[in-house]
Amino acid sequence: MTDQIITELNVPLTMKDGTVLRANIYRPAGEGSWPVLLTRLPYGKDVPHVLLGFHGVIRAVQKGYVVILQDTRGRFSSDGGWDPIVTSAHEAGDTEETIDWAAKLPYSSGRVGMFGSSYYAFTQWAGIERKAKALKAAAPAFSWSDPFDGLIFRGGALELGFLSYWQMGMYLDTLPALYSAEHELAAARKRLISDIDQLKTEIEALPLKDFAPFRRNRVAPSILELIKRGMDRKYTDHLSLKGKYHTFTTPVLNIAGWYDIFLAGTIENFLHMRENGATPEARQSRLIIGPWQHLDHSHQSGEKNFGLAAHSASLDLDGIHLRWFDHFVKGIDTGMTNEAPIKLFVMGENVWRDENEWPLARTRFTPYYLHSGGQANTLHGDGTLSAAPPDAEAPDHFVYDPLHPVPTKGGAIMMPPDFTSGAHDQRDIEKREDVLVYTSPVLEEDTEVTGPVTVRLWAVSSAADTDFVARLIDVHPDGSAYNLTDGIIRARFRNSSKGEKPSLIEPGKAYLYEIDLWSTSNVFKKGHRIRLDITSSSFPRWDRNLNNGLDIGNGRKEDARTARQTILHDRDHPSAIILPVIPGK
């Protein structure tokens, strides 16, 4: 244990292409060599908000690590330009070169670990993909797997709320590189700040291909190019881990949140590393899931308090990181590989639990079927949910107007401050006629739902293309209805998971849609009810489908069409939500 720390600020590293990146280095005082813990982040190395927190950095140095925080290309003190798609293509090479440099520092032992969340989880995967020899372990938190499943698109719909808000905020720091004249810079900064403040209304502008806040602020040209290209995987392949895991040799500690925008990706990363990692060490990868929001490890998620045990400090997440690095970077047997590979927080019971596999081996995937007398609109309608299959039942109808969409309220989002993430009471949303509500009877015993959740929805639309949104909700005895997880499917992409090309639907024809609601872990307590909401929008989280069959980004307000949506739930069309029920003890 060391009590003295040497700090070096803005240490330069020149990349092969001549770009200079700068890092802060914290290391033990005195002679010796120590392993390195590295993070490469775009949010400012001088601000103590990295995953371990500044307290964690000091703790790591005291335990005998060199800690390096580097600004990524084009960010803060590092040179180069910034653009989310273009710049991110450099991260693999930049990370590999930085790892090699860190391993050769005179006070380095030559062994490197990486840590960090979100974008700086991505920089870790970039290093893993390059198979940097000195990289012995990583701990990516809140990380995506497939950019078309939560980062850029979800179910074929654009993650508009996240992309617009995140990208506009990122450019506040890079405007000086775009405007040389002081008066132009001041005007640009004022304009961008105003647009961010007004994003709640600005985001309603159409067409998306001419998204005004981006164009007038010279922000993220690659995002506009992405909207133009649509779901072009070649354009974003460097952001994807799909099909690459079998080449990865580094063990990975994955950290996720039930209300995180990258929940599905983090789980996918864990599963593929456990099953397909290229080395025995890689197949020792682990997973922790808390009731957390993106970049937030607290016990408060939206309007729900899950108890102090849910807080990462109670779990000692910093200590878990250090045990992980001690094991694989220092080579000290900490016993971690003998423990269960999954630690998850069960909401409702509000307890941590260790598990050995995902989905849990004891899961009973149970369909809860939609029922009604044809009047399931609003929470006051006659929609019900039960394990009994439907027989002859009247369908439900609603009209989806893309110019008056259902607003986003909570969930796994990262959006403007007007839209907070996490668990929120959905009753205001459920008063709308364009929301169908199906609710189970009052539960006579606790019912645990832990694992992946899917909705199989039989639907008819009057449009050639449209969206369907599904949301799982825990209804409390007082009537409050808190969202757990949700998902969307764009009709033309209904079979993309099967490898089929997008195709429009035939108006008036029934189709089966599978909506991936990702995963959750929640005990619906005795006296509660299980609820499923069905609608066609959650705006501005996802871009609105204008129901006209045009490609994304091309529709104007005058091109928008209303769609009459019909939800079938009868013997031949048994619409249901498939819940991963965990049997009681």
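Residues numbered from 1 in each chain as written. Predicted model: local features only at pLDDT ≥ 70, side-chain atom pairs only at ≥ 80, totals over all residues. Heavy atoms only, no water.

Participant: Explain unusual backbone geometry here, please?
Facilitator: Note: most peptide bonds trans; most residues except glycine with negative phi. Here the amide bond leading from leucine 206 into proline 207 is cis, since omega sits at 0 degrees, within 30 degrees of zero. Note that proline 207 resides in the loop between helix H8 (199–202) and helix H9 (212–217). The omega torsion of the bond from tryptophan 358 to proline 359 falls at -10 degrees, within 30 degrees of zero and hence cis. By secondary structure assignment, the location of proline 359 is in the loop between strand S14 (351–355) and strand S15 (364–371). Residue aspartate 316 is not a glycine yet carries a positive backbone phi of 55 degrees. Structurally, the position occupied by aspartate 316 is in the loop between helix H13 (312–315) and helix H14 (317–330). On the accessibility criterion, aspartate 316 (32% relative accessible area) is partly exposed. Positive phi is not limited to glycine here, since asparagine 350 has a value of about 55 degrees. Structurally, asparagine 350 is set in the loop between strand S13 (342–346) and S14. (Helix = DSSP H or I, 4+ residues; strand = E, 2+ residues; numbered from the N terminus. Buried < 20%, exposed > 50% of the residue type's maximum accessible area, 1.4 Å probe, protein only.)

Participant: Would you explain the domain arrangement of the protein chain in this entry?
Facilitator: How big an interface is tends to be expressed through the accessible area that disappears when the partners come together. According to the domain assignment, the protein chain contains domain 1 (5–149 + 238–355), domain 2 (157–230) and domain 3 (364–582). A separation of 31 Å is found between the C-alpha centroids of domain 2 and domain 3. The interface of domain 2 with domain 3 comprises 19 residues on the first partner and 21 residues on the second. At the boundary of domain 2 with domain 3, total buried surface from both sides reaches about 1800 Å², with 67% on carbon and sulfur atoms. (Domains from an automatic or database assignment. Contact = heavy atoms within 4.5 Å. Buried area = accessible area lost by both parts, 1.4 Å probe.)

Participant: Looking at this model, I keep getting lost on the UniProt feature "domain: Xaa-Pro dipeptidyl-peptidase C-terminal" (unreviewed entry) in the protein chain. Mind explaining?
Facilitator: Residues annotated by UniProt as "domain: Xaa-Pro dipeptidyl-peptidase C-terminal" (unreviewed entry) correspond here to residues 322–578. Between the end C-alpha atoms of residues 322–578 the distance is 38 Å, and the span holds 4% helix and 37% strand. (UniProt positions renumbered as here; feature names shortened; annotations may be inferred.)

Participant: Help me out: how do you make sense of helix H5 (residues 160–171) in this one?
Facilitator: Three or four residues apart is the spacing at which side chains of an α-helix point the same way, because the helix has 3.6 residues per turn. Over its 12 residues, H5 extends 17 Å from the first C-alpha to the last, a length consistent with the 16 Å expected when each residue adds 1.5 Å. The element H5 is extensively covered by neighbouring structure, given that 10 of its 12 residues are classed as buried. (Expected span 1.5 Å × (residues − 1).)

Participant: Quick question: what am I supposed to make of the pairing of S14 here?
Facilitator: Every regular strand shows the same layout, with side chains that alternate between the two sheet faces. As judged from the 5 bridges shared by S13 and S14, these two strands associate in the antiparallel manner. For phenylalanine 345, the partnering residue across the bridge sits in S14 and is tryptophan 352. Linkage of S13 to S14, two consecutive antiparallel strands, is achieved through a turn of 4 residues, within which glycine 348 is found at a positive phi near 90 degrees. (Pairing = 2+ DSSP bridges.)

Participant: Teacher, can you tell me more about the nonpolar core here?
Facilitator: In globular proteins that are soluble, nonpolar side chains generally tend to be buried together. Ranked by internal contacts, the top residues of the largest apolar core, which has 57 residues, are Trp258, Leu457, Leu472, Ile534, Ile567, Ile577 and Leu579. Looking at which element gives the most residues to this core, the answer is strand S22 (residues 510–524), with 7 residues. Formed jointly, this core draws a minimum of three residues from each of two domains, domain 1 (5–149 + 238–355) and domain 3 (364–582). In terms of nonpolar packing, the next biggest core, distinct from the first, is built from 43 residues, Phe162, Leu192, Leu208 and Ile261 among them. (Core = buried A, V, L, I, M, F, W, Y, C linked by side-chain atoms within 4.5 Å.)

Participant: Would you explain the pattern of salt bridges in this entry?
Facilitator: Once their charged atoms are close, side chains differing in charge can pair, the charge on each being opposite to the other. According to the stated counting rule, one finds 46 salt bridges in the structure shown. For aspartate 326, the salt bridge is made with lysine 330, and the minimal N-O distance between the two is 3.9 Å. Here aspartate 326 pairs with lysine 330, and both are found in helix H14, just 4 residues apart, close to one helical turn. Residue classification places lysine 330 among the partly exposed positions, given a relative accessible area of 29%. Two residues, aspartate 551 and arginine 492, come together in a salt bridge whose shortest N-O distance is 3.1 Å. Here aspartate 551 is found in the loop between strand S23 (529–535) and strand S24 (563–568), whereas its partner arginine 492 is found in the loop between strand S21 (481–490) and S22, with 59 residues between them in sequence. A relative accessible area of 48% places aspartate 551 in the partly exposed class. Residue arginine 492 is classed as buried on the basis of its relative accessible area of 11%. Three or more residues are tied together by salt bridges with common partners; here these are Asp17, Arg40, Arg73, Glu91 and Asp94. (Salt bridge = Lys/Arg side-chain N within 4 Å of Asp/Glu carboxyl O.)

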